[in-house]
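Tertiary structure, described
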Amino acid sequence: MELIISVLMLFIVMNCVLKVSFWRWWQAALFGGLCGVFVVLTYPYAILQSKTQIADYLRNTVALQDMAVIITIESVICFAYCVAVLRGWLGQQEKWWVKPLKWYPSLLIFPVLFYLQTELIFSFSGVSFTVLSYGFAVAVAVLLPLLCVLFRYLLPEKDLRLEVHFLVSLFVCVIGLLTTVNGNVTYQAVEEPTNWKALAVSFGLFLILFLIGMVWNKLKWIILQKRGERRRLSVNDK
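Let me sum up the structure you'll find in this document. Not measured: the values here are computed from a predicted model.

**Digging into empty space enclosed by the protein**
Following the criterion strictly, the structure yields two cavities of 30 Å³ or more and no others. Roughly 70 Å³ of internal volume is contained in the largest cavity. Elements with a contribution of two residues or more to the lining of the largest cavity: α1 (2-20), α5 (61-89) and α9 (158-180). Ranked by the residues each element gives to the lining of the largest cavity, the list is headed by α1, at four residues. Residues that form the lining of the largest cavity fall into these classes: six nonpolar, five polar and two charged.

**Here's the deal with the layout of surface pockets**
Size it by volume and the second largest pocket reaches roughly 300 Å³. The class makeup of the residues in the lining of the second largest pocket is eight nonpolar, two polar and four charged.

**A short note on the side chain of Ser 21**
With respect to the helices, strands and loops of the structure, Ser 21 is situated in the loop between α1 and α2 (25-41). Using a relative accessible area of 1% as the deciding quantity, one classes Ser 21 as buried. When sequence neighbours within four positions are dropped, the list of residues in contact with Ser 21 reads Cys 148, Arg 152 and Arg 161.

**Looking at the packing of helix α7 (residues 109-123) against helix α8 (residues 129-154)**
It is the contact of α7 with α8, at a shortest axis distance of 10 Å, that shows an interaxial angle of 140°. In this view, α7 runs oblique relative to α8, as classed from their interaxial angle. In this structure, α7 crosses over α8, and the sense of that crossing is right-handed. Across the interface between the two elements, Leu 113, Leu 116, Gln 117, Leu 120 and Ile 121 of α7 pack against Phe 129, Leu 132, Ser 133, Phe 136 and Val 140 of α8. Each residue belonging to the contact of α7 with α8 can be placed in one class, and the counts come to eight nonpolar, two polar and no charged.

About the criteria used
Residues numbered from 1 in each chain as written. Predicted model: local features only at pLDDT ≥ 70, side-chain atom pairs only at ≥ 80, totals over all residues. Heavy atoms only, no water. 1 Å grid on protein atoms, 1.4 Å probe; cavity = no way out; pocket = protein on both sides within 12 Å on 5 of 7 lines; lining within 4 Å. Points joined across faces, edges and corners; volume = space filled by probe spheres on them. Helix = DSSP H or I, 4+ residues; strand = E, 2+ residues; numbered from the N terminus. Nonpolar A, V, L, I, M, F, W, Y, C, P; charged D, E, K, R; others polar. Buried < 20%, exposed > 50% of the residue type's maximum accessible area, 1.4 Å probe, protein only. Contact = heavy atoms within 4.5 Å. Axes fitted to C-alpha atoms, helices over the stretch in contact; angles between N-to-C directions. Parallel < 35°, antiparallel > 145°, perpendicular 65-115°, else oblique. Left-handed = near helix turned anticlockwise from the far one by under 90°.

In structure tokens, the structure reads:
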């Protein structure tokens, strides 16, 4: 279980770096410094944690289900950002809610940093906690912008980087839902015979709506073509 959560945190960090890689270098450096300040400010709380408390939290089904909701919301925000950027590239007008999505890095990176800080303190118990925390803060502030530069070098095309960002967000959403429920089934399935009538109605409704959409799309395309021809003829007449 802990191994899967570690993989989840790794992809959360990767997703955050991918998102920040769309920013300018000084903006990425500023966010890295903010993460470093967060590590320094949470240092007094990190030294109070114990392995038993963290293990109990990872076994707490209610807390993990709440975390699953947060992970899902985070992933939805990433999906909305990808769709909004793609709409802008296709020439569509930018909506008012797109700009906040551009400047939203990731809130999940902060609990991941706190967890990594506590694990670092557990691993080097003989070293001063202050030295470890400040060293980790400097490493975060330096490595985050460098990782953004590395991703820009490996994926120079913005469309490819956006696609990877979408796929990583999807992976974070799926693995977050799988790991945070901790093997519990919230809603138990009820055994009942197959309702063929309901299946037939659903399939028929889907087929009807699909055909209506297909016919409407073709009619819309014909109407747009005719409008384009009329505009060209009117321009030529002038």
